[in-house]
Structures are given as structure tokens and as C-alpha cells.
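These are the residues of each chain, in order.
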Amino acid sequence: MRRKCALAASAALTAILLGGCSQGSDEKADVRDERAVKQSVEQASSEILDILAVQGKVTRSGAIATPCTSYPEEDQVHRMRHPWSVYGVPGGDLEKAMDRLRSQLPAKGWKIVKDGPDKSRAKLPQIVANSPDGRLSADLRLWREPADSGRSSMIEITVVSDCFRSKPDGTTGSG
């Protein structure tokens, strides 16, 4: 249950920190090819997985379209959101993976906009970074479980796009 609450908080914070999604309804969201946006979000996730460089299990889900709450629903403005995690890896290895993110994301042009404990009661280590073009944001959190807990430590990753409208021939679903 606490992971679900933290994931919801993660998504909310990511939306706030992602500069492109702070647009108000008086501004127009760019019209973009939804498949291309989905591909860029999933490609960013793949690059982050490469940086993590850990041998563990990865949840497999694709990016999905979700509404941008800063726009009226009838405007049909949305973003791509790709939550996933890496688990089944010793906590020390995950801490080293977070350190790799701190050094390699900026080397690849990402700007780290937050690096420190999140606002949860657990004060999870968190990195939030924006892509070089400013159209994507990644929220990365380390869940370090005690050895005797029976639960796996993990890094939770959520990559989101900025807000956009699909091209008229595009879809608004995850398609």
C-alpha cells in the first residue's frame, strides 16, 4: 500500500517539476504524433535502464496516455507516462546505480532538478531530471528494504512527456 501511495505522489511531483506541463489552459499544447511521443518516452526509459546497469528483474509496461490536469478535459490534452521498476537486486548495488544516474544523466544532457530525499515519511532517495530538449522528465526513487523484511529493494522509475495534443489522425489511447 505504501508503494502505491508513493507512486501516486511520485507522479504528482513529476508533473509539477516537468516544465512543459506547467502550462495553463490559456496556452496551447503542441500538436504532436502520439506514437513518436510514446517512442521517445520508452527510449528514455531504455537509456535509464542501460545507465542503471544492474542484473535484476524489470517490470514491463509500456507508456500510456494520461490527461494533463492543467487543461480542461474537453481540450483533450494529454501526456505519455511510463512507470516501471527494477528489483531483485541487492540494496548496495541499487545505491551504486543511483550514483551512476547522478553522473551519467548530466553527461547525456539531462538536467537534474532534484536530488535528495522525497517528501514521503520514508524520505526515499530521489532524483528528478529533465531531458535535454525539456520534453521529458524522469523521477527515480530508491526503495531500500531491510534484509530481514522479505521484500525486495528496488528503484522506481517514472518517465513522463510534456503535455501535447495528438495529431488529428492519432489516437489518445496507449495505441
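Scroll up for the structure.
Residues numbered from 1 in each chain as written. Predicted model: local features only at pLDDT ≥ 70, side-chain atom pairs only at ≥ 80, totals over all residues. Heavy atoms only, no water.

## Digging into the overall build of the protein chain
Stated formally: Helix and strand definitions here come from DSSP, where helices need a minimum of 4 consecutive H or I residues and strands a minimum of 2 consecutive E residues; each element is numbered from the N-terminal end. Here's how the labels work: a residue is buried when its accessible area is under 20% of the maximum for its type, exposed when over 50%, partly exposed in between, all with a 1.4 Å probe on protein chains only. Note that accessible areas follow from Shrake-Rupley with a 1.4 Å probe, and for residues the cover is restricted to the protein chains shown.
In terms of regular secondary structure, the protein chain is built from three helices and nine strands. In the protein chain, the succession of helices and strands from N to C terminus is α-β-α-β-β-β-α-β-β-β-β-β. Every one of the 175 residues in the protein chain was classed for burial, and the buried ones make up 43%. Accessible surface for the protein chain amounts to roughly 9,200 Å². Of this, 51% is attributable to carbon and sulfur atoms.

## Quick word on unusual backbone geometry
Unlike most non-glycine residues, Ala53 shows phi in positive territory, near 50°. Within the secondary structure, Ala53 sits in the loop between helix H2 (34-52) and strand E2 (57-58). Using a relative accessible area of 52% as the deciding quantity, one classes Ala53 as exposed. A positive phi angle, close to 55°, is found at Gln76, a residue other than glycine. Summarising the element assignment, Gln76 is placed in the loop between strand E3 (64-67) and strand E4 (78-87).

## Considerations on the nonpolar core
Our working rule: Among the buried residues, those of types Ala, Val, Leu, Ile, Met, Phe, Trp, Tyr and Cys that are joined through side-chain atoms within 4.5 Å form a nonpolar core. We call two residues in contact whenever any of their non-hydrogen atoms come within 4.5 Å of each other.
In this structure, Ile48, Leu52, Leu101 and Ile157 are the most contacted members of the largest nonpolar core, which totals 29 residues. Listed by contribution, the elements that provide at least two residues to this core are H2, E4, helix H3 (91-107), strand E6 (125-130), strand E7 (136-143) and strand E8 (154-161). Non-local contacts of Leu101, meaning those with residues more than four positions away in its chain, are made with Ile48, Ile51, Leu52, Pro106, Ile112, Ile127 and Leu140. Membership of the second largest hydrophobic core comes to five residues, among which are Ala29, Tyr71, Val77 and Cys163.

## Things to note about the pattern of salt bridges
Here is the rule we go by: Salt bridges are counted wherever a side-chain nitrogen of Lys or Arg sits within 4 Å of a carboxyl oxygen of Asp or Glu.
This model, assessed by the stated rule, comprises nine salt bridges. Among the salt bridges present, the one from Asp115 reaches Arg102, with a minimum N-O distance of 2.8 Å. Here Asp115 is found in strand E5 (residues 111-117), whereas its partner Arg102 is found in helix H3, with 13 residues between them in sequence.

## A short note on the environment of Thr59
The criterion, for reference: Here a polar contact is taken to be a pair of N or O atoms separated by no more than 3.5 Å, where protein atoms must pair a possible hydrogen donor with a possible acceptor and residues adjacent in sequence count only if both atoms sit in side chains.
Assignment of secondary structure puts Thr59 in the loop between E2 and E3. Thr59 gets classed as partly exposed once you look at its relative accessible area, which sits at 32%. Between the alpha carbons of Thr59 and Val86 there is a distance of 6.7 Å; along the sequence they are 27 residues apart. The contacts of Thr59, once residues within four sequence positions are left out, are Trp84, Ser85 and Tyr87. Among the polar contacts listed, one links the side chain of Thr59 to the backbone nitrogen of Ser85, at a separation of 2.8 Å.

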